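Given next are the chains, with one letter for each unit.
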Amino acid sequence: MNLQALSLRSFRNYGEAELKFDPGVNLVVGDNAQGKTNLLEAVSYLGCGKSFRAQRVSEMVRFGADFAEIQGTVFSQEREQTLRFLLFSGSRPRQIFRNGVRKKSAEEIAGVLPTVLFCPEDLMVLKTGAAQRRRFGDSALCQLRPNYDAALTEYNRILEQKNRILKDHFENPAVLEILPEYNTRLCQVGALLISYRARFYEGMGKAAARFHGQFSGGAEDFRLEYKTVSTVKDPFAPVNLLTQQLMEHLDRHYRAELETAQCLTGPHKDDFTVSLSGVDLKIYGSQGQTRTAAISLKLAQRELMGREWGEEPVLLLDDVLSELDPGRQDFVLNQIASGQVFITCCEPGRFTKLGKTIEIHKGSVV
Ligand code: ATP
Ligand code: MG
């Protein structure tokens with residue numbers, strides 16, 4: 001599977017651009033703030049309808065323009081296909097097309113152009129806060145399982161409404177009457193999230209352990225552990241049992257939630273840890289160990305997606321290679337010997353001989 005061509009109109013700092021790509025390595029070079037990450041954002045958005053950096057769709061529309069267009073020709077599922085997005089600067093909803101046919105949601109284009117993004121922040125994901133790790137896992141799982149994506153959106157919506165109830169109850173105690181209903185729904189959807197996550201992290205842990213073993217010569221025992229709320233003893237348990245255990249958990253925190261006016265616990269606080277030979281990386285890991293483990297996780301994500309869709313996803317490496325020492329660079333480059341890759345960097349140096357070089361200057365291809 002690969003992206004053959006891309007055309008951009010008023011996307012970020014691009015006016016109009018037509019690009020053709022190599023089915024292997026594409027090196028995107030240019031000075032700072034020229035549009036390298038914007039290009040990767042366009043590719044990633046085209047594949048999943050989500051931006052890894054924009055909060056709102058309108059941010060991606062070029063300043064002063066009414067709409068942006070991203071169109072790509074993809075060789076996928078053994079044929080040539082086109083994907084097209086129209087993004088508007090106002091509140092008008094975006095439009096999605098697959099092979100010229102309008103689609104209702106991005107779910108309907110899942111699997112045509114799966115991508116995996118790897119950026120420098122990911123290298124420290126095992127050291128930073130749980131929120132970053134959750135985002136790391138969730139973004140991978142959402143691409144892998146559109147049903148999980150829908151459940152997560154639903155969960156966050158209920159959570160937001162529940163938070164509003166908790167905030168309002170001091171002034172208006174009557175709102176508490178609807179709280180049990182929200183709690184039940186929250187636990188039902190939350191149980192679904194836990195169930196998906198348990199399976200996902202198990203697969204991710206196994207694949208990452210294999211990469212890490214190759215990387216470290218099998219010297220360290222890589223283990224990934226999924227952490228959820230304390231009343232859940234086995235995250236692989238049936239969803240109705242998980243729901244019940246989440247309810248118990250909420251009951252225990254009922255008073256505290258009312259007093260603090262916040263949704264304190266639940267799957268929205270889930271986390272995962274990685275240990276090497278029993279030593280927790282978050283607490284004890286060296287820079288090098290942490291980075292190596294993060295690379296293994298990213299390669300694992302790519303493998304899982306490849307297995308799911310039957311084709312190697314496109315790998316987007318944003319500034320990540322230049323952050324790595326030569327040994328780690330070589331490991332990553334050897335592991336991605338197959339499939340299509342986009343690599344951005346400011347100083348191409350030793351990478352220029354890898355494949356096609358695309359030079360970006362002020363939102364144009366040189
Ligand atoms: P670096 O090497 O520093 O990472 P880069 O080439 O990756 O640089 P980008 O992040 O792609 O740079 O951003 C390039 C420029 O795009 C920035 O100067 C930013 O101001 C501009 N930009 C972002 N959004 C828009 C928009 N909606 N309209 C116009 N320009 C935008
Ligand atoms: Mg950049």
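Since we're looking at a predicted model, the values are computed, not measured. Think of each chain on its own: its residues are numbered from 1, step by step along the sequence as written. To label them, take the chains in the order written and letter them from A, then take the ligands in the order written and number them from 1. pLDDT decides what is reported in this predicted model: residues at 70 or higher carry local features, side-chain atom pairs at 80 or more are listed and counted, and totals for whole chains, interfaces and linings draw on all residues regardless. Hydrogens and water are ignored here; the side-chain numbers use all heavy atoms of the structure.

**Side note on the overall build of the protein**
Line of reasoning, step 1. Within the protein, the secondary structure is distributed over 10 helices and 15 strands.
Line of reasoning, step 2. Only protein chains enter the calculation, and the probe is 1.4 Å; a residue is then buried if its accessible area is under 20% of its type maximum, exposed if over 50%, and partly exposed in between. Looking at the protein as a whole, 52% of its 366 residues are labelled buried.
Line of reasoning, step 3. The contacts of the protein with a sequence gap of at least 6 include a subset with a gap of at least 24, amounting to 70%.
Line of reasoning, step 4. Only carbon and sulfur atoms are counted for the fraction: they give 49% of the accessible area of the protein, which is about 17100 Å².
Line of reasoning, step 5. When the 46 positive and 45 negative side-chain charges of the protein are each reduced to one mean point, those points stand 1 Å apart. Where helices and strands are cited, they refer to DSSP runs of H or I of at least four residues and of E of at least two residues respectively, numbered from the N terminus. Contact between two residues is taken to exist if any of their heavy atoms lie within 4.5 Å; hydrogens are not considered. Per-residue and other accessible areas were derived by the Shrake-Rupley procedure at a 1.4 Å probe size, with only the shown protein chains allowed to occlude residues. Charged residues are defined narrowly, with Lys and Arg counted positive, Asp and Glu counted negative, and His plus the chain ends left uncounted. By convention, charge coordinates are those of NZ in Lys, CZ in Arg, CG in Asp, or CD in Glu.

**Some points on the site of ligand 1**
Line of reasoning, step 1. Residues are counted as near a molecule or strand when any one of their heavy atoms sits within 4 Å of it. Neighbouring ligand 1 are 17 residues, the closest being N32, A33, K36, T37 and N38.
Line of reasoning, step 2. In this structure, an oxygen atom belonging to ligand 1 sits 2.9 Å away from a side-chain N or O atom of N32.
Line of reasoning, step 3. Of the residues belonging to the shell around ligand 1, the class tally is 4 nonpolar, 6 polar and 7 charged. Any pair of N or O atoms that falls within 3.5 Å is considered a polar contact. Within protein, one atom must be able to donate a hydrogen and the other to accept it, and sequence-neighbouring residues count only if both atoms are side-chain atoms. Only Asp, Glu, Lys and Arg are considered charged, only Ala, Val, Leu, Ile, Met, Phe, Trp, Tyr, Cys and Pro nonpolar, and every remaining residue, Gly among them, polar.

**Observations regarding the pattern of salt bridges**
Line of reasoning, step 1. Salt bridge, as used here: a side-chain nitrogen of Lys or Arg that lies within 4 Å of a carboxyl oxygen of Asp or Glu. Enumeration over the complete set of coordinates arrives at 20 salt bridges.
Line of reasoning, step 2. With a closest N to O distance of 2.9 Å, E154 and R157 form a salt bridge. Note that E154 and R157 are positioned in helix α4 (residues 146-168) at a spacing of 3 residues, about one turn of the helix.
Line of reasoning, step 3. R307 is paired through a salt bridge with E303; the nearest N and O atoms lie 2.7 Å apart. Of the two residues, R307 and E303 both sit in helix α9 (residues 287-309), 4 residues apart, roughly one turn of that helix.
Line of reasoning, step 4. Take R307: its relative accessible area is 55%, and that puts it in the exposed class.
Line of reasoning, step 5. By sharing partners, the salt bridges in this structure join R9, E69 and R84 into a single network.

**Points about the nonpolar core**
Line of reasoning, step 1. Each nonpolar core is a collection of buried residues, namely Ala, Val, Leu, Ile, Met, Phe, Trp, Tyr and Cys, held together in the definition by side-chain atoms within 4.5 Å. The biggest cluster of nonpolar side chains holds 73 residues, and the ones touching the most others in it are I295, L297 and L317.
Line of reasoning, step 2. Considering each element in turn, this core owes the most residues, 15 residues, to helix α5 (residues 179-216).
Line of reasoning, step 3. In this structure L297 touches L126, F136, M204, A208, F222, L224 and F272, once residues within four positions along its chain are discounted.
Line of reasoning, step 4. In terms of nonpolar packing, the next biggest core, distinct from the first, is built from 38 residues, L3, L39, A54 and V112 among them.

**Observations regarding a nonpolar patch on the surface**
Line of reasoning, step 1. Here, patches come from residues exposed beyond 30% relative accessible area and free of salt bridges, joined within 9 Å for like charges and within 5 Å for nonpolar side chains (Val, Leu, Ile, Met, Phe, Trp, Tyr). Together, V279, I283 and Y284 make up an exposed nonpolar region whose accessible area comes to about 340 Å².
Line of reasoning, step 2. Relative to the assigned elements, V279 resides in strand β11 (residues 279-280).

**Looking at the pairing of strand β12 (residues 314-318)**
Line of reasoning, step 1. Within β12, 5 of the 5 residues are buried, leaving the element largely enclosed by the surrounding structure.
Line of reasoning, step 2. Residues V314, L316 and D318 point to one face of β12 and L315 and L317 to the other, with burial holding for every one of them.
Line of reasoning, step 3. Being paired, for any two strands, means DSSP has found at least two bridges between them. As paired elements, β12 and strand β13 (residues 341-345) share 4 bridges and run parallel to each other. Paired with L316 across the strands is F342, a residue of β13.

**Focus: helix α3 (residues 130-144)**
Line of reasoning, step 1. To estimate the expected span of a helix, count its residues, drop one, and scale the result by 1.5 Å. End to end, α3 covers 21 Å across 15 residues, agreeing with the expected 21 Å (1.5 Å per residue, within 8%).
Line of reasoning, step 2. Listed as buried for α3 are R133, R134, F136, G137, D138, A140, L141, C142, Q143 and L144.

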